[in-house]
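Secondary and tertiary structure notes
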Amino acid sequence: MQPNRLIHEKSPYLLQHAHNPVDWYPWGEEAFERAANEDKPIFLSVGYSSCHWCHVMAHESFEDPRIADILNRNFVCVKVDREERPDIDDIYMTAVQLLAGRGGWPMSVFLTPEGEPFFAGTYYPPEIFAQIARQLADAYQNRRDEVLQSAREVAGVIQQVAAARYEQMDGEPAPHIVGNYLQQMRQHFDPVHGGFGNAPKFPPNTAFPVLFWLAENLNSEDALQMALRTLDAMALGGIRDHIGGGFHRYSTDAEWLLPHFEKMLTDNAQLGWAYAEAYSLTGNVHYAEVAREIYNWVLREMRVEGGAFASAMDADSEGEEGRYYTWTLGEIRQVLPPALADLFCNVYSIRPDGNYREEATGQLTGRNIPHLRAPLAEIAAELGMTPKELQDKMKTAREMLLQARLQRVPPLRDDKVLAGWNGLMIESLAYAGLVLENRQYVQAAEEAARFILQRMTDADGRLLRRYRDGEAAIPAYLEDYALLGSGLLELFEATEDETWLAEAKRLANRTIADFWDEEHQAFVNTADYHERLIARVKEVHDRSTPCGNGAAVRLLAKLYGVTGEENYAYFAYLTLRSLWSPIQKYPQGSDSLIYALLLLAGDELEDMPEAEEAQPTMSPTGLPVNVEMHIMEGGVMIRFLMERGWHINGAEGVPDDLVPTRIDISSTLPLVFGEPMFPPPDTLQTDESAPPIPIYRGELRVVVPVIGIGEVTTDTGEIRAKVTCQPCTDTECALPQTMELVQQVRLQLRD
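Read on for an overview of the structure. (Residues numbered from 1 in each chain as written. Predicted model: local features only at pLDDT ≥ 70, side-chain atom pairs only at ≥ 80, totals over all residues. Heavy atoms only, no water.)

Some remarks on the overall build of the chain
- A count of helical and extended segments in the chain gives 24 helices and 27 strands.
- Relative to the compact-globule value of 27 Å for 751 residues, the chain shows a C-alpha radius of gyration of 26 Å, a close match.
- In terms of its C-alpha atoms, the chain occupies a principal-axis envelope of roughly 80 × 60 × 60 Å.
- In the chain, which comprises 751 residues, the proportion classed as buried is 60%.
- Partitioning the intrachain contacts of the chain with sequence separation of at least 6 by distance along the chain shows that 69% fall at a separation of at least 24.
- In the form shown here, the chain has an accessible surface area of approximately 30500 Å², with 47% of it arising from carbon and sulfur atoms.
- The centroid of the 65 positive side-chain charges in the chain is displaced by 4 Å from the centroid of its 112 negative side-chain charges. (Helix = DSSP H or I, 4+ residues; strand = E, 2+ residues; numbered from the N terminus. Rg over C-alpha atoms; globule rule 2.2 N^0.38 Å. Buried < 20%, exposed > 50% of the residue type's maximum accessible area, 1.4 Å probe, protein only. Contact = heavy atoms within 4.5 Å. Areas by Shrake-Rupley, 256 points an atom, 1.4 Å probe, with all protein chains shown as cover. Lys, Arg positive; Asp, Glu negative; His and termini not counted. Charge placed at Lys NZ, Arg CZ, Asp CG, Glu CD.)

Some details on the pairing of strand S2 (residues 42–47)
- Most of S2 sits inside the fold, with six of its six residues counted as buried.
- Of the strand pairs in this sheet, S2 and strand S3 (residues 76–81) are connected by six bridges, and their pairing is parallel. Looking at S3, one finds that Val-46 is bridged to Val-80.
- When S2 meets strand S4 (residues 107–111), the two strands line up antiparallel, connected through five bridges. Across the sheet, residue Ile-42 finds its bridge partner in S4, namely Leu-111. (Pairing = 2+ DSSP bridges.)

What about the side chain of Arg-639?
- With respect to the helices, strands and loops of the structure, Arg-639 is situated in strand S19 (residues 635–642).
- A distance of 2.7 Å separates a polar atom in the side chain of Arg-639 from a polar atom in the side chain of Glu-699.
- Residues in contact with Arg-639, not counting those within four places in the same chain, are Asn-626, Val-627, Glu-628, His-630, Glu-699, Leu-700 and Arg-701. (Polar contact = N/O pair within 3.5 Å; in protein donor to acceptor, adjacent residues only side chain to side chain.)

With respect to helix H9 (residues 207–218)
- Between its terminal C-alpha atoms H9 stretches 16 Å, which fits the 16 Å expected from 12 residues at 1.5 Å a residue.
- Of all 12 residues making up H9, 10 are buried, and the element is well covered by its neighbours.
- Looking only at H9, the buried set comprises Ala-207, Phe-208, Pro-209, Val-210, Leu-211, Phe-212, Trp-213, Leu-214, Ala-215 and Leu-218.
- Elements in contact with the buried residues of H9: helix H8 (176–188), helix H10 (221–236), helix H11 (265–282) and helix H24 (591–601).
- Within two residues after H9, Asn-219 carries a phi angle of roughly 55°, on the positive side. (Expected span 1.5 Å × (residues − 1).)

Things to note about the pairing of strand S18 (residues 625–632)
- Most of S18 sits out of view: seven of its eight residues are buried.
- Sheet analysis places S18 next to S19, joined by eight bridges and oriented antiparallel. Its bridge partner lying in S19, Met-629 is registered against Ile-638.

Observations concerning the sheet that holds strand S8 (residues 263–264)
- Across the sheet, three strands lie side by side as S8-S9-S12; this open sheet has antiparallel pairing. Every other strand in the sheet has two partners, leaving S8 and strand S12 (413–414) as the edge strands with one partner each.
- Where S8 lies against strand S9 (residues 312–313), two bridges are found, and the strand directions are antiparallel. In the sheet register, Lys-263 faces S9, and the bridge partner there is Met-313.

Brief notes about the side chain of Arg-398
- Along the chain, Arg-398 turns up in helix H16 (residues 387–405).
- No salt bridge is formed by the buried Arg-398; its nearest oppositely charged neighbour, Glu-293, is found at 4.1 Å. (Salt bridge = Lys/Arg side-chain N within 4 Å of Asp/Glu carboxyl O.)

Listed below in structure tokens is the structure:
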């Protein structure tokens, strides 16, 4: 089969699809010009190389000639690596969340030739995906006006949501946010297994700096124990690669046992820092050992030629997820002497029938994920051994198993170098080099820094985001400048070499010059010289890494602390002030911005502030559904946040004994509201003989548009939302809850 256009790309993810029968285009003008010339919609697929379900959909759908024929005849097909193009990913992920009620990868988005989305989702089984593609092709040809109207409405909402313009944003930063932050963290903390929330459970990468700062500077025992309990539990579980070092992406259960096996540079950079910091604060050598294992893996398996770091390791090998990292009892006995094999299997919970269950079916696979049932010192006491004796034996066993594992077919390594992700690892290695007194870590950080500055900078001194196979490309984003700048600043702290400080300041100054939005007093993710998409994103909340504004303000706060230059504090404070309202409403999602505030406050904070009362727009019922109202240009957004295991019913088609979700909007201003725009629901089948129940899980966003304005006599008034929903599990329902949310608004009329 002839390769498609992706064969000329550098991204390993795109190259994985270069021999699909789908006629893929990379993102660019050629694809959009063809769509316009041939009057076809665009099918946009977004993923990344270590994404398990991206591989599944590729095998099931994109390698199927029948489905490829449907796509090629009716659409122009575009494939995007989200790690190369986070701007595209951010914008169309907003579309997926609005239209499907949830997000994830692979993203499957159908666009007009102008790039406006009219249908979006994530993974689809092949038959369903084929049916969706046929129906959307028919709708575009025969009901064009409806499709274009829907696309315009969605694009308008995206422009507001992505740019964080859906509410009054600014406010005065105040210390009480620390009390609110800790209160939220306590509410979601798992005291048994560590971490926050239930399954799936992600390492709280961006929370560790805040928790450790509060522990060290304000003597918060709660903050310290939440951080240490989480690190302890993760170090025992299967999310940690006990044989080769490092951590997998996340755990599918609450106990940290069963991971998705991909390994990300970003996770391991932040966790290496966290374990090194835990050692610094406690003196417990266990944390130092876990940190060293992370860095040993990074230096052994993630360095590319020249000293920079690759992005990720895949979860799959030989066609199976986790094959490389799991073991049968027989495989262990083939490698280890009998007595050592018995001891290893006892310590690391290896079972004859396996402990690794297939995620979808729950069936045992016969393979084992090595994990500790208790700390080694406790197991040593049970076995009548000294801790050192057991540690030495287990070190020998792990080294033998690692050498055997290195002979297996390895997972794919995504060897593209990303500037910001390398910045995180540079910062982590430089700090750990000091704390763990290992000069090799600092030297590795310096080599990576020189690689980025020498090979990933254009003739105008601008940073480039991606390097692979001898080519640097794609203008860098806000996170690249900010995260690399923080890494270089940490290198200055570790080496006292003024060169690194000068480079950190240069990147910070460029960040202010290129990414500062004077109108809204915060940073946007893309500079003016980037490609113009349907929206410009302004991030407020963190994901697995600091958001763009969080990374930028953190760098500026650190530079102010080192240099005393007021300009850095000025822009950091303005950003915090302009984003204060969403930080207040969800401090747990704003770790990096709160951390920057703590760095700026410094010695001014002497005691732990008390938490303020909850925001009035949050549900006061204590039930597992929170409801927020956000005012946007042109309408209102009602946002539902449901605890794991709970859902609410759809707006239509609900059985008589259940309560549908209802939203009624009114205002003291002469505003005319349209019908609430609910995304397509999921379904729940409770009985084979009964029709499925439409439901929403996780997060639901419903937009209520303003469709008219009467005679205006005053520009200030209230918008009220009366929201009724019924929280249910899959087996029982709570009583319905009704909330009335009120916000003061001021009209800003345009001609």
